[in-house]
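Here is what each chain is made of, one letter per residue.
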Amino acid sequence: MRTPEEVRPRDRRRQMPSEKLTGGRERAWTATAIVLIVLVPLLDLFVPPDVHLAHALVLPVALTAVLVGSRRAALTAGLAVLALVVAGAERMTLATEDVLVQLGSLVLLSVVLVGVSRLLERRRLELAGLRRVSEAVLRPLPPRSGPISIASAYRAAEVGTPIGGDLYAVARTADSTRLLIGDVRGKGLASIGDTELVLGAFRAAAHRQSPLPELVASLEGSVRWGLNEHWDAADGADAAERFVTAAVIEIPDHEPWVHVISCGHLPPLLFHREKVTPLDVTDPAPPLGLGALADGGYTPTTFAFGPGDRLLMYTDGVTEARDANGDFYPLLERAPGWTAHHPPLLVQAVTDDLEAHAAAGLNDDMAVVALERDPHQI
């Protein structure tokens with residue numbers, strides 16, 4: 001179920017077609033399949049001799065294989081074969097060519113269906129393990145951090161995978177909230193290692209009382225070392241092509257400001273009353289991992305961020321989503337229509353509008369984070 005604090009796009013909430021039934025529903029379906037199989041030889045007693053029901057036996061086997069699992073599918077298949085044998089014996093046609101062909105076809109299809117069911121079970125186990133890993137790597141953002149309300153949405157590029165190359169994290173210091181949003185070069189499962197590296201470095205350093213420039217410098221050092229340490233020349237990629245665009249912000253609890261350092265990332269949008277303004281920093285830094293190109297270190301840009309103001313942070317999976325005509329998603333044009341939305345509704349409005357724009361589906365990882373300072377604070 002979607003919660004206001006952690007809003008997920010609709011396609012992330014849809015159950016996979018191959019997802020297994022559980023508990024009582026699994027037992028209920030197995031019982032239903034057995035009843036359907038038993039009915040075939042019984043009904044065969046009351047239908048005309050030229051009417052054959054054997055083809056219906058494959059249906060409960062197929063559905064059990066997909067919805068329940070390979071073991072029960074094998075049991076169901078065995079019962080289906082037995083039911084066909086009983087139906088043939090009742091009509092004294094068991095040794096006829098027609099029944100033998102039906103029997104052989106049912107056995108062959110059952111073997112294939114059980115094999116498919118085993119593959120689906122393996123895939124489910126892999127996805128379950130990946131979800132556990134993703135929960136440890138990309139932790140859900142808290143609904144609140146000090147005087148800041150937070151909502152977020154995330155969608156990986158690869159369908160059915162919970163994490164990709166986009167990332168976000170929040171950390172508390174004694175008197176401020178710090179937030180990171182970033183985009184690893186690449187997308188989907190192949191970028192999870194770099195995502196974990198960046199998040200680990202941020203969590204290790206962000207809670208300290210060091211100034212924001214020192215935090216970003218620490219991130220740069222950790223990311224540059226990690227990307228080069230784990231670079232595999234055999235994959236054909238240049239180590240210099242591995243980097244992470246990121247924006248790191250700090251919101252003091254008792255001062256009406258937000259401090260922003262951008263490392264090649266898209267500017268946050270400030271919602272102040274009826275106006276939406278991109279927070280373009282005056283001195284952007286290179287992406288993390290390319291810090292050797294930086295001239296003068298990391299300089300934060302300070303913007304007004306008072307009670308009731310909101311920030312929208314996002315990755316290029318949002319702004320580079322295309323519609324059927326190939327046009328990019330016009331986030332800055334749409335945003336003024338959401339100035340009255342608090343973070344959960346703001347994130348919901350963005351994700352719903354984005355899905356409507358890119359009806360054919362998103363082709364890149366996507367992350368959105370909305371923040372609001374307590375209207376009664378300061």
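Residues numbered from 1 in each chain as written. Predicted model: local features only at pLDDT ≥ 70, side-chain atom pairs only at ≥ 80, totals over all residues. Heavy atoms only, no water.

Student: Pulling in residues and values, what's your account of the overall build of the protein chain?
Tutor: When helices and strands are counted, the protein chain shows 10 helices and 11 strands. When each of the 378 residues of the protein chain is scored for burial, the buried share is 46%. Accessible surface for the protein chain amounts to roughly 18,500 Å². Of this, 60% is attributable to carbon and sulfur atoms. (Helix = DSSP H or I, 4+ residues; strand = E, 2+ residues; numbered from the N terminus. Buried < 20%, exposed > 50% of the residue type's maximum accessible area, 1.4 Å probe, protein only. Areas by Shrake-Rupley, 256 points an atom, 1.4 Å probe, with all protein chains shown as cover.)

Student: Just give me the short version of the pairing of strand β5 (residues 244-252), but keep the residues and values in it.
Tutor: Among the 9 residues that make up β5, 9 are buried, leaving the element largely enclosed by the rest of the structure. With burial as the criterion, each face of β5 is covered, one bearing V244, A246, V248, E250 and P252 and the other bearing T245, A247, I249 and I251. Summarising the sheet, strand β4 (residues 176-184) and β5 pair through 9 bridges and their orientation is antiparallel. Pairing of S176 across the sheet is with P252, part of β5. The sheet contact formed by β5 and strand β6 (residues 257-263) spans 4 bridges and is antiparallel. Across the sheet, the residue bridging to I249 is V260, located in β6. (Pairing = 2+ DSSP bridges.)

Student: Before we move on, can you summarise the sheet that holds strand β10 (residues 310-314) with the specific residues and values?
Tutor: Judged by pairing direction, the sheet is antiparallel, and its 6 strands sit side by side in the order β1-β2-β11-β10-β7-β8 without closing on themselves. In the strand order of this sheet, the two ends are held by β1 (144-145) and β8 (275-278), each with one partner. In this structure, strand β7 (residues 269-272) lies alongside β10, joined through 3 bridges in antiparallel fashion. Looking at the pairing, F271 lines up with R310 of β10. In the packing of helix α10 (residues 343-357) onto the sheet, contacts are made with β2 (148-155), β7, β10 and β11 (366-373), and the angle to β11 comes to roughly 155 degrees. (Contact = heavy atoms within 4.5 Å. Axes fitted to C-alpha atoms, helices over the stretch in contact; angles between N-to-C directions.)

Student: Please provide a residue-by-residue account of the pattern of salt bridges, values included.
Tutor: The final tally for this structure, using the stated rule, is 6 salt bridges. Ionic pairing is found between D374 and R144, a salt bridge with its closest N-O pair at 3.1 Å. Residue D374 is found in the segment after β11, and its partner R144 is found in strand β1; the two are separated by 230 residues along the sequence. Look at R144 and you get partly exposed, because its relative accessible area is 39%. In this structure, R310 and E372 form a salt bridge, with 3.4 Å as the shortest nitrogen-oxygen distance. Note that R310 is positioned in strand β10 and E372 in strand β11, a separation of 62 residues in sequence. Looking at E372, the relative accessible area reads 6%, which means it is buried. (Salt bridge = Lys/Arg side-chain N within 4 Å of Asp/Glu carboxyl O.)

Student: Provide a residue-level description of unusual backbone geometry, including the pertinent values.
Tutor: With phi around 55 degrees, R273 is a residue other than glycine that occupies positive phi space. As for its placement among the helices and strands, R273 is situated in the loop between β7 and β8.

Student: Describe in detail the confidence of the model for the protein chain, supporting the description with residues and values.
Tutor: Taken over all residues, the pLDDT of the protein chain has a mean of 82, while the share at 70 or more is 79%. Predicted confidence in the protein chain is weakest over helix α1 (residues 10-13), with a mean pLDDT of 41, and strongest over β10, with 98. Confidence drops under pLDDT 50 across residues 1-19; counting only partners more than four residues distant or on other chains, this segment forms 45 contacts. (pLDDT = per-residue confidence, 0-100.)

Student: Could you give me a rundown of the packing of aromatic side chains, with the residues and numbers involved?
Tutor: Overall, the coordinates contain 1 aromatic pair when judged by the stated rule. Ring centres of Y154 and Y168 lie 5.9 Å apart, and the angle between their planes is 90 degrees; on these two criteria the pair is classed as edge-to-face. Remark: Y168 occurs in strand β3 (residues 166-172) and Y154 occurs in strand β2; sequence separation between them is 14 residues. (Phe/Tyr/Trp six-rings, centres within 6.5 Å; stacked < 30°, edge-to-face > 60°.)

Student: Outline the sheet that holds β5, listing residues and values.
Tutor: Here 5 strands make up an open sheet; going across it, the order is β3-β4-β5-β6-β9 and the pairing antiparallel. Of all the strands in the sheet, just β3 and β9 (301-304) have a single pairing partner and so form its edges. Taking the axes of each pair of neighbouring strands and ignoring which way they run, one obtains an average angle of 20 degrees across the sheet. Helix α6 (residues 192-205) rests against β3, β4 and β5 of the sheet, and its axis sits at about 10 degrees to β3.

Student: Describe in detail the nonpolar core, supporting the description with residues and values.
Tutor: For soluble globular proteins, the rule of thumb is that nonpolar side chains tend to be buried together. The biggest cluster of nonpolar side chains holds 51 residues, and the ones touching the most others in it are F202, I249, V258, V369 and L371. In contact with F202, not counting residues within four places along its chain, are A169, V170, A171, R178, L179, L180, L215, L219 and V248. Grouped together as the second largest cluster of nonpolar side chains are 23 residues, F271, V318, V350 and A370 included. (Core = buried A, V, L, I, M, F, W, Y, C linked by side-chain atoms within 4.5 Å.)

Student: So what's going on with the side chain of H265? Residues and values would help.
Tutor: One can find H265 in the loop between β6 and β7. Of the polar contacts made by the side chain of H265, one reaches the backbone oxygen of Y314; its length is 2.9 Å. Each residue touching H265, except ones within four places of it in the same chain, is listed here: I181, G182, D183, T245, A246, A247, Y314 and T315. (Polar contact = N/O pair within 3.5 Å; in protein donor to acceptor, adjacent residues only side chain to side chain.)

Student: Got a sec to walk through the pairing of β11? Specific residues and values, please.
Tutor: A large share of β11 lies buried, amounting to 8 of its 8 residues. Burial of the side chains of β11 extends over both faces: M366, V368, A370 and E372 are buried on one face and A367, V369, L371 and R373 on the other. With 8 bridges connecting them, β2 and β11 associate as antiparallel partners. Looking at β11, one finds that A153 is bridged to V368. Sheet topology places β10 next to β11; 5 bridges connect them, and they run antiparallel. Looking at the pairing, M313 lines up with V369 of β11.

Student: Report on α10, specifying residues and quantitative values.
Tutor: Taking 1.5 Å of rise per residue, 15 residues should cover 21 Å, and α10 covers 21 Å from first to last C-alpha, within 8% of that figure. Within the sequence span of α10, burial applies to P343, L346, V347, Q348, A349, V350, T351, L354, E355 and H357. (Expected span 1.5 Å × (residues − 1).)

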